[in-house]
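The chain contents come next:
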Amino acid sequence: QNLKIPQNLKKSTKEIIPFIYDVFCLMRSNPYHNFTHITDVTQYLYTLLLATHLAKRLDPIELTACFFSVLCHDLDHPGYTNAYQNNENTAISQRYNGKSPNE
């Protein structure tokens, strides 16, 4: 709350929680790119923003974008590396012509 994400959105924390729950539900169950990873990266971003004082330099919309970007950055990640996707010529690798298919 000290990043004022709810206030930036003109929403209550209660109104944001269902979105976070939806992210939780949409994350695949794989060894690394799962909801635990999302919480770890979110905590890291939070610490980075405060420890470096970057949060003071960003506009409210930029802070909000950071928060939602980190929550969704691996949404529906299949759990395989880019190299695996390309070596196996998977559908996602074909869709992105072998250029960072998971990203």
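So, a few notes on the structure that sits alongside this text. (Residues numbered from 1 in each chain as written. Predicted model: local features only at pLDDT ≥ 70, side-chain atom pairs only at ≥ 80, totals over all residues. Heavy atoms only, no water.)

Side note on the packing of helix H3 (residues 35-51) against helix H5 (residues 60-72)
For any two helices packed against each other, one specifies the inter-axial angle together with the distance between the axes.
Item 1. It is at 8 Å that the axes of H3 and H5 come closest, and there the two elements cross at 155 degrees. Taken together, the axis directions place H3 and H5 in an arrangement best described as roughly antiparallel. Remark: the crossing between H3 and H5 carries right-handed chirality. Taken together, the residues of H5 that come into contact with H3 (itself represented by Ile 38, Val 41, Thr 42, Leu 45 and Leu 49) are Leu 63, Cys 66, Phe 67, Val 70 and Leu 71. (Axes fitted to C-alpha atoms, helices over the stretch in contact; angles between N-to-C directions. Helix = DSSP H or I, 4+ residues; strand = E, 2+ residues; numbered from the N terminus. Parallel < 35°, antiparallel > 145°, perpendicular 65-115°, else oblique. Left-handed = near helix turned anticlockwise from the far one by under 90°. Contact = heavy atoms within 4.5 Å.)

Observations concerning the packing of aromatic side chains
Item 1. Inspection of the entire model under this criterion finds five aromatic pairs.
Item 2. Ring geometry for Phe 19 against Phe 68: centres 5.2 Å apart, planes inclined by 70 degrees, an arrangement best described as edge-to-face. Taken together, the residues span a long stretch of sequence, with Phe 19 in helix H2 (residues 13-26) and Phe 68 in helix H5 at a distance of 49 residues.
Item 3. Phe 68 sits in the partly exposed class, given a relative accessible area of 21%.
Item 4. Through successive ring pairs, a cluster of aromatic residues spans Phe 19, Phe 67 and Phe 68. (Phe/Tyr/Trp six-rings, centres within 6.5 Å; stacked < 30°, edge-to-face > 60°. Buried < 20%, exposed > 50% of the residue type's maximum accessible area, 1.4 Å probe, protein only.)

Brief notes about the environment of Ala 91
Item 1. Note that Ala 91 resides in helix H7 (residues 91-95).
Item 2. Given the relative accessible area of 59%, Ala 91 is considered exposed.
Item 3. Residues Ala 91 and Pro 101, spaced ten residues apart in sequence, show a C-alpha to C-alpha distance of 9.4 Å.

Side note on H5
Residues spaced three or four apart along an α-helix point in a common direction, a consequence of the helix completing one turn every 3.6 residues.
Item 1. Compared with the 18 Å implied by 1.5 Å per residue over 13 residues, the 19 Å span of H5 between its first and last C-alpha is a close match.
Item 2. Of all the positions in H5, only Leu 63, Thr 64, Phe 67, Val 70 and Leu 71 are classed as buried. With its buried residues spanning 135 degrees around the axis, H5 presents them on a single face.
Item 3. On its buried side, H5 packs onto helix H1 (5-9), H2, H3 and helix H4 (54-57). (Expected span 1.5 Å × (residues − 1). Arc of directions from axis to C-beta.)

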